[in-house]
Each structure stands twice: as C-alpha cells, then as structure tokens.
Amino acid sequence: MSQFIESIRLQDDQFKNLFYHEQRMNHTLKNRCGITETFNLEAMLANIDRPRKGLYKCRIIYDDQSREIEFIPYKPKPVETLRIIEHDRINYEFKYADRKLINHLYDLRRGCDDILVVKRGLVTDSSYANIAFRKGKDWYTPWSALLKGTMRANLMQHDKIKEEEIRVADIKTFDSFKLINAMFEFDAPEIAVSNIVY
C-alpha cells in the first residue's frame, strides 16, 4: 500500500487551512484505500504535543492504517528561476510520499532554483508548489495542475485566482508569477515570467 503525505502550516500554535487538508485526506483515503468513513483531522491534531511558537511544517505520513506526525521548523526556500521540464506521463493526482519521479525531474533544473513541469504542452506545477500567473490585476492558475493544492483551492474559492488552460506558449503573455502552497500561502515573491527558462 502506498503512503501519502499531508503538509500543514502550523504558525504560533494555529493550524492553517485544516478544512482543505481534511478534504484532501478524505478524498485520498476513499479513492486510494477504499475507506469511506470521514476522517476528522482537527480532532486528531487537537491534543497532540506540538511547538507553540514559530512557523513549522506539520508533516503527516499516512496510509489506510497508520499516521505518523512530525513538526519541522520551516524557512521558505528562495526561488527566482524555473526551468521548463517536459514529461508527458507524469501523474501526481494524490500526494504520494514516493516522489522519485519528481525528484528526478528536479535534478534536471541545470542551475535554476526549481522546475516548471509541462505535460502534453500544458503548464502544471513546480516540484513542490502550484503556480499562479498575473496578467494585469488578475491571477490565473493552470487547470492542469498535477496536484490540486490546498492553498490553491482556498484562493480559488475566495476568487483570488482563476483556473485556466495555460500552455507553454501562453507564459509570455503574463506579467509575472508566484508559487503557492500550504506553507507560504499567497505570500511568495512575485517573479517576472522572463525568469522561466526554456
């Protein structure tokens, strides 16, 4: 049985975005493990011993039977450049603990800080985050994302970003981009699309 990961932002004793993380865990357990009972993430984390000050990644490794939880001090990794890497067969609909293929693609970045995976001509994600592109005042995220992230879901529900088909040729029509995931929310720096290397 495969193992899965959930990474949750814990800041000053407050877990962030639990509703979306719980939704994803329930979706994974149902579709990959056949578990139909609703899993209560908030109840599981309520009385767990945890750091009370600072910013941490709460990392849950789980499958149909086990739950392993760890807290890792978090410092954002600076990203200024992305290299486009094409892979037409990659599939990461569920957040698997096994990231061998993504790590292999990341190793092909050749001097860039991270990668931007393109699948069948469509823009997807970086190695660890969804991407959003700005055009004027509006933000757009690829509907073809490999993993529909929890912060991405939150931002879409609150109309801060819109889902759109984005092809490689479309990248130059945007002004800038930023990476988004559960740990740095929508706070990542805005970067010019010229920093995406072909």
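Worth saying up front: this structure is predicted, and the values here are computed from it rather than measured.

**Q** So what about the side chain of R50? Which residues, and what values?
**A** Positionally, R50 belongs in the loop between α2 (41-46) and β3 (55-62). Classification of R50 as buried rests on a relative accessible area of 14%. Engagement of the side chain of R50 in a polar contact is seen with the backbone oxygen of A46, the distance being 3.2 Å. With residues near it in sequence (within four places) discarded, R50 still touches L10, D13, F15, L45 and F71.

**Q** Report on the environment of A46, specifying residues and quantitative values.
**A** Locating A46 in the fold gives a position in helix α2. Between the C-alpha atom of A46 and that of H21, which follows or precedes it by 25 residues, the distance is 15 Å.

**Q** Describe the sheet that holds strand β11 (residues 176-180), naming the residues involved and giving the relevant values.
**A** If you trace the five strands from one edge of the open sheet to the other, you get β10-β9-β8-β11-β12, paired in mixed fashion. Looking at the sheet topology across the chains shown, the edges are occupied by β10 (162-164) and β12 (191-192). Bridge analysis of strand β9 (residues 138-142) against β10 gives three bridges, and the strand direction is parallel. Counted as the bridge partner of P142 is E164 from β10.

**Q** An account of the pairing of strand β5 (residues 82-86) is needed here, citing residue identities and associated values.
**A** A regular strand places its side chains on the two faces of the sheet in alternate fashion. For β5, the tally of buried residues reaches four of five residues, placing the bulk of the element in the interior. Where β5 and strand β6 (residues 114-119) come together, five bridges link them in parallel fashion. Residue I84 lies in a different strand from β6, and its bridge partner there is L116. Following the chain from β5 across helix α3 (residues 100-106) to the adjacent parallel β6, one finds a crossover that is right-handed. Relative to strand β13 (residues 196-197), β5 runs parallel, the two sharing two bridges. Pairing of L82 across the sheet is with I196, part of β13.

Thresholds, definitions, all that
Residues numbered from 1 in each chain as written. Predicted model: local features only at pLDDT ≥ 70, side-chain atom pairs only at ≥ 80, totals over all residues. Heavy atoms only, no water. Helix = DSSP H or I, 4+ residues; strand = E, 2+ residues; numbered from the N terminus. Buried < 20%, exposed > 50% of the residue type's maximum accessible area, 1.4 Å probe, protein only. Polar contact = N/O pair within 3.5 Å; in protein donor to acceptor, adjacent residues only side chain to side chain. Contact = heavy atoms within 4.5 Å. Pairing = 2+ DSSP bridges. Right-handed = clockwise from strand over helix to strand, strands pointing away.

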